[in-house]
Protein chains: 6
Amino acid sequence: MTTPTYFTRFPRIRFERDAQGILTMALHQDGGPLTFTAADHEALVDAFYEVGRDRANKVVILTGSGGDFIPGIDFSSFGDVSDPDVWSKVHDEGTQVLENIANIRVPMIFALEGRAHVHAEYGLLANVIVAGEGASFDDLPHFAGGIVPGDGIHTLWSHWVGPGRAMAMLLDPKPLTARAAQALGVVAEVVPDGAALARARAIAQGWLTRPEVTRRNTRIHFIQPIKERLVREVGYGLALEGASAAALVKSFRQAG
Amino acid sequence: MTTPTYFTRFPRIRFERDAQGILTMALHQDGGPLTFTAADHEALVDAFYEVGRDRANKVVILTGSGGDFIPGIDFSSFGDVSDPDVWSKVHDEGTQVLENIANIRVPMIFALEGRAHVHAEYGLLANVIVAGEGASFDDLPHFAGGIVPGDGIHTLWSHWVGPGRAMAMLLDPKPLTARAAQALGVVAEVVPDGAALARARAIAQGWLTRPEVTRRNTRIHFIQPIKERLVREVGYGLALEGASAAALVKSFRQAG
Amino acid sequence: MTTPTYFTRFPRIRFERDAQGILTMALHQDGGPLTFTAADHEALVDAFYEVGRDRANKVVILTGSGGDFIPGIDFSSFGDVSDPDVWSKVHDEGTQVLENIANIRVPMIFALEGRAHVHAEYGLLANVIVAGEGASFDDLPHFAGGIVPGDGIHTLWSHWVGPGRAMAMLLDPKPLTARAAQALGVVAEVVPDGAALARARAIAQGWLTRPEVTRRNTRIHFIQPIKERLVREVGYGLALEGASAAALVKSFRQAG
Amino acid sequence: MTTPTYFTRFPRIRFERDAQGILTMALHQDGGPLTFTAADHEALVDAFYEVGRDRANKVVILTGSGGDFIPGIDFSSFGDVSDPDVWSKVHDEGTQVLENIANIRVPMIFALEGRAHVHAEYGLLANVIVAGEGASFDDLPHFAGGIVPGDGIHTLWSHWVGPGRAMAMLLDPKPLTARAAQALGVVAEVVPDGAALARARAIAQGWLTRPEVTRRNTRIHFIQPIKERLVREVGYGLALEGASAAALVKSFRQAG
Amino acid sequence: MTTPTYFTRFPRIRFERDAQGILTMALHQDGGPLTFTAADHEALVDAFYEVGRDRANKVVILTGSGGDFIPGIDFSSFGDVSDPDVWSKVHDEGTQVLENIANIRVPMIFALEGRAHVHAEYGLLANVIVAGEGASFDDLPHFAGGIVPGDGIHTLWSHWVGPGRAMAMLLDPKPLTARAAQALGVVAEVVPDGAALARARAIAQGWLTRPEVTRRNTRIHFIQPIKERLVREVGYGLALEGASAAALVKSFRQAG
Amino acid sequence: MTTPTYFTRFPRIRFERDAQGILTMALHQDGGPLTFTAADHEALVDAFYEVGRDRANKVVILTGSGGDFIPGIDFSSFGDVSDPDVWSKVHDEGTQVLENIANIRVPMIFALEGRAHVHAEYGLLANVIVAGEGASFDDLPHFAGGIVPGDGIHTLWSHWVGPGRAMAMLLDPKPLTARAAQALGVVAEVVPDGAALARARAIAQGWLTRPEVTRRNTRIHFIQPIKERLVREVGYGLALEGASAAALVKSFRQAG
């Protein structure tokens, strides 16, 4: 099997696929933890699409690098989010990226080490989550920063833990530990720090004994209700978030 | 800012709004705990509408008085619920009141002291619930009394804690303590008795640093899936409840 | 009241109805635990329909026999599931059987003893679940056996415990004990082994004091959201499962 | 093939099945046009279920007798519709009958002669409608008679011709001719009076060349969106209709 | 019956109610045709709410004045629609106004004379539309003016005439005559110019012979599917329209 | 602006973009009419994705070549469609291709010349359809050929012309002329043969005066209800179609 061109197209995503087709997709910044930028937002839309369309991928593992998933975000990279043309791109990409993950039609594992403090919803579209002891979920970029958590983060948390806990987490964000997330049914297994990826690969190995159609169709069946919610909720959520971003910029300008 | 006329229009609702726009809406009966009547059912429809339409309200806190939210109900005030004209009014108000709460487009906190034993679903439409140690939820008026819990109480409990727990609670109603509700993700914070309102105000204060559009749109985003369920489920639920009320009256008459 | 003909129509279902209309419907094989076959799949479609249409049933209790609900399955009884005509029957029955349970318009209790390791979703369509200490839920026939858990088992577990726990359970099936299920809000009461049916009857007795319309309409209200999900999800799930079954047979033939 | 027992179970339904499995199901009263009664309402629930579950039926043709489908209704047969126990039965049957037609999983043709002036929605659940020149649709029993057209008649007309025309027809009922219905896309073919059944059989014949799974799955695919609407709308519609029936009885008593 | 206070609260809405409760609600500007302004947008939210909550209204007729419904719009009255605080108000009102019309729980007639060229969707929430010969529908304010037709106009047209015709009309707006609208099933009756209101009143009269519960519940049943669509689609539509308005202002500034 | 790589990636799709960003996407086979193959099915998934993600496209025109859109299909190119692995690919691509068209977030015009007799639903995802006098729609590959019309063709026709006409067309396929389609509201404009593309470009030109955000968001708003239906219906439809294809192959083998 030749290496697909998308394996080398994205400078901050490392792809690795073993002989059996288990794909590891690791977000990174120079090999270390990724500080999320607008360029990553754009890149991930296509990266997840390519992963989904490549039938040589049999199981997909999403992970980070350097002991973290995504610990932070560089807001300035997004430019003037009060400009409607700028936000139109954010809206379109933000809707598309989640649909593209949902359309990965093979089972997906989120191998979490360290902080999933930005765009944790990417990981919440996996079927199984394995986390290191010291891992945590949080939501830095939204209500804490003055904008609506409208990009799917509420939809996904609400789907996994119910709307009450989701609202509480997003209105008063603080790290949710791996163990606490396990008690809520979010994390399937907690492993020693550094062991999440290996454990994810072992789980993936176990699945390979089933027929490929079984694996694909199980994913399709499991993701269908979530996908329907994404399609109904995320576009509007991002539009509401865009208006809040414009209001935030306005308030900065008035204050400045 | 002048006092809006609705502040004094409802004899059993006390409105108080601070300089920053945090509105406290306290249900009461002569200053003490409210025993719910048909007149309250009608009044709350409009009261919540007025609260929702007044953009001077920046955060809304719903609470009770005298150490309780709503501890009891006066069924006789509703008249002959087997009369289709009587129930038509109950149906229409019961559908409308929940939509009006859902349409409060600013963040909402339920500050619960004592018993939320009647129409707890009003409080379950808040985004955050703060409860005193001795507080409890229950559902006195429905299955225990011989009628269908169709007025949204099942929809809301099901939404917060899943259908299994909701059905168990409503078929065999008994007080759910604040601590138990916290363990289920319903109550965000348990505070000493008497401290719920103050804590709710402190939380509201914290939110005021975000732009108004952010606050409004966050509420809109969070409530949208619940609102869609209300619109699909509550009208029918109340119609089913009405038929059960007519059957109950019939059984009384046959027994009588 | 004469005995309805369906009471004796199904050789592996024992019906018993007391004077007040509490129906017990016990699955069995020669009086002992049922190993599920294709004939049962067909029979249960009609059995649940008959139960639902008979207004003499006031409460329905579903249970097993010999200390188990359904501990195992005889796959060979289904014939060549890669034959599209064979699967067409499975698809149609599998969709219909869950709708027929959902259309039982009186409250329903699942009295579980021992293993609900096959078609546990039948029991998850009850309103209240009472389980013996040693009871457990599992899902033997699907992912473990190489096919998609598409027959409603995911929809029902997802509805009761959220999609995260449902996916984890179905991808890595192992017994969920009665106590663990109680902690998740699935089992309402855990009783000593052998006492589930008696306890279910006591609960049913308690409900009989309410008017019949109240009981029927409460069931209708509670089941409506689940029924809507079944109608949207199960047909597709079974079609995806059918394709996976064909792939499994193909893999056996290639291996063979 | 032996004759199924349901062929002779319903005194006012004549079943006839040819060697290829084309089933004709003709409603009649002593061989002539059917005046609809409460007994028919109950019978049709089961009749359509039996038709749907019998895999020997390859295509189903629904028709009337004596040159009419259903020209009239005998309201008095329903008893005191203001009695909640009476209406509970109407509600449950009315919901179930439409689902049972929707669950007939083979293509269905409505061969209409004369008047479909009562329960035309049964015919609107067919895939193809063939009508005699003199045939017409109408809705006698609802708004004209003082009750809500809530039993699915609005859902079906709205689905076929849009909500505007549906509302206009139901609020001001008058016969819609076969030709007018054809112009609206409802009737596929208009034939000379008396020729509808023969033409329906010819169409059915043409379908038999396709594989059975193709025929069944085409029906399933076509009916799915309608079925979802029925499940969402008809129960509530019938509950609203029941309340209106109680109000009508009340008005008669007050007038009386 | 005393005159309700809302009858005199809105300077550009004339209310008139006859002894039987037929309410005529006429939009006007100094007695002549209304040029729509931001103040009307705000006023109509409350006006429709008051109409809906007042159970003395038995049928509602919406109409215009001076031979037109709404012929034009004064965009400047809305202020700087690129300001997120300004648009937040438009979004909230625009969502609420349509829900408030949908929540008028008595049959509603749209008596159209002249131009419904702005906010025709208000009239499309009626159950029956009567139009003068010279009447026409159009959509001036949206795509023609450079913004998204997102305020419900697409949802309502799409609901009445299907998405194809709706898109064509909104992308290339030109007057749709009363006769053309009748051919599409939108207008129920075309009458001589000036006769629409009288004809609407005659229709309303005819409905009054049915029980009030029948009238109310028929409206509730008919409007439910439309209301569900409004709740799902209009908020997002208005958010998308708001972004387009900001882009339009930006383009003016760049051009300016 | 450099030419994007996808312009030359697909041998049977010709892309052409003018200086203003109006993209013409023409399906062809050696410059003439396309006979649809499995390779086209795969290629179009990616082609539409690329078109949708490229923000340099301002309006998209879909068309055919050589005086036809898609006049025929080469079934043999799909291989053994009774093989579950083969159909899994068809299912996944068939679902994805329609979502990718729906996710083209700029207005889209279908310029139809000649026959849209295969996959007409691609064109039905446009916002406006312009057709030459001699153009026609049909559905060759499904019921006529012995398989379920489950790939979205029913969903789209049903969405545009209602379920009655859609079912009639798909069960008894014959060419629907441009004029007939115009009368049904499907075709917006009929032009002389050969003039469709020029007219489509003229319409596209007219739209370019609106801001880009207006154009994008109008498309998003218009497509949202269709997209929700696609996501709910097409996957299941294709699964049902796959089973029918397996049954057809089985019947050939039995006959063979």
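What counts and what doesn't
- Residues numbered from 1 in each chain as written.
- Chains lettered and ligands numbered in written order.
- Predicted model: local features only at pLDDT ≥ 70, side-chain atom pairs only at ≥ 80, totals over all residues.
- Heavy atoms only, no water.
- UniProt positions renumbered as here; feature names shortened; annotations may be inferred.
- Least-squares fit on C-alpha atoms with pLDDT ≥ 70 in both.
- Contact = heavy atoms within 4.5 Å.
- Buried area = accessible area lost by both parts, 1.4 Å probe.
- Salt bridge = Lys/Arg side-chain N within 4 Å of Asp/Glu carboxyl O.
- Polar contact = N/O pair within 3.5 Å; in protein donor to acceptor, adjacent residues only side chain to side chain.
- Helix = DSSP H or I, 4+ residues; strand = E, 2+ residues; numbered from the N terminus.
- Buried < 20%, exposed > 50% of the residue type's maximum accessible area, 1.4 Å probe, protein only.

Under the annotation held in an unreviewed UniProt entry, chain A carries the name Enoyl-CoA hydratase/isomerase family protein and is attributed to Falsiroseomonas selenitidurans. The Sequence similarities (unreviewed entry) field of the UniProt record for chain A holds the comment "Belongs to the enoyl-CoA hydratase/isomerase family."

You can overlay chain D on chain E at an RMSD of 0.0 Å; the transform is a turn of 120° with a shift of 0.0 Å along its axis. Here the transformation between the copies is reduced to the relation of a three-fold axis. Taking C-alpha positions as reference, the residue of chain D nearest the rotation axis is G162 of chain D, located at 4.6 Å.

Contact with chain D, which involves 26 residues of that partner, is made by 24 residues of chain E. At the boundary of chain D with chain E, total buried surface from both sides reaches about 2100 Å², with 70% on carbon and sulfur atoms. Contact with chain E buries area across many residues of chain D, yet F143, M167 and L171 of chain D alone supply 29% of it, more than any other trio. As a salt-bridge pair, R232 of chain D and E228 of chain E come within 3.9 Å of each other at their nearest N and O atoms. Counting every contact that joins chain D to chain E gives six residue pairs in polar contact (both at pLDDT 80 or more).

Tracing the chain through its elements places T155 of chain B in helix α4 (residues 153-161). For T155 of chain B, a relative accessible area of 1% translates into the label buried. Within the structure, T155 of chain B has its side chain in polar contact with the side chain of E233 of chain B (distance 2.7 Å). Non-local contacts of T155 of chain B, meaning those with residues more than four positions away in its chain, are made with R229, L230, E233 and V234 of chain B together with H221 of chain C.

This part takes up the interface of chain A and chain F. With 27 residues of chain A at the interface, the matching set in chain F holds 27 residues. Each partner contributes to the roughly 2400 Å² buried at the junction of chain A and chain F, and carbon and sulfur atoms together form 42% of this total. It is Y49, R55 and V231 of chain A that lose the most area in chain A upon contact with chain F, and together they represent 23% of the buried surface on that side. Counting every contact that joins chain A to chain F gives eight salt bridges. For the salt bridge of K227 of chain F with E99 of chain A, the shortest nitrogen-to-oxygen distance reads 2.6 Å. Linking chain A to chain F there are 22 residue pairs in polar contact (both at pLDDT 80 or more).

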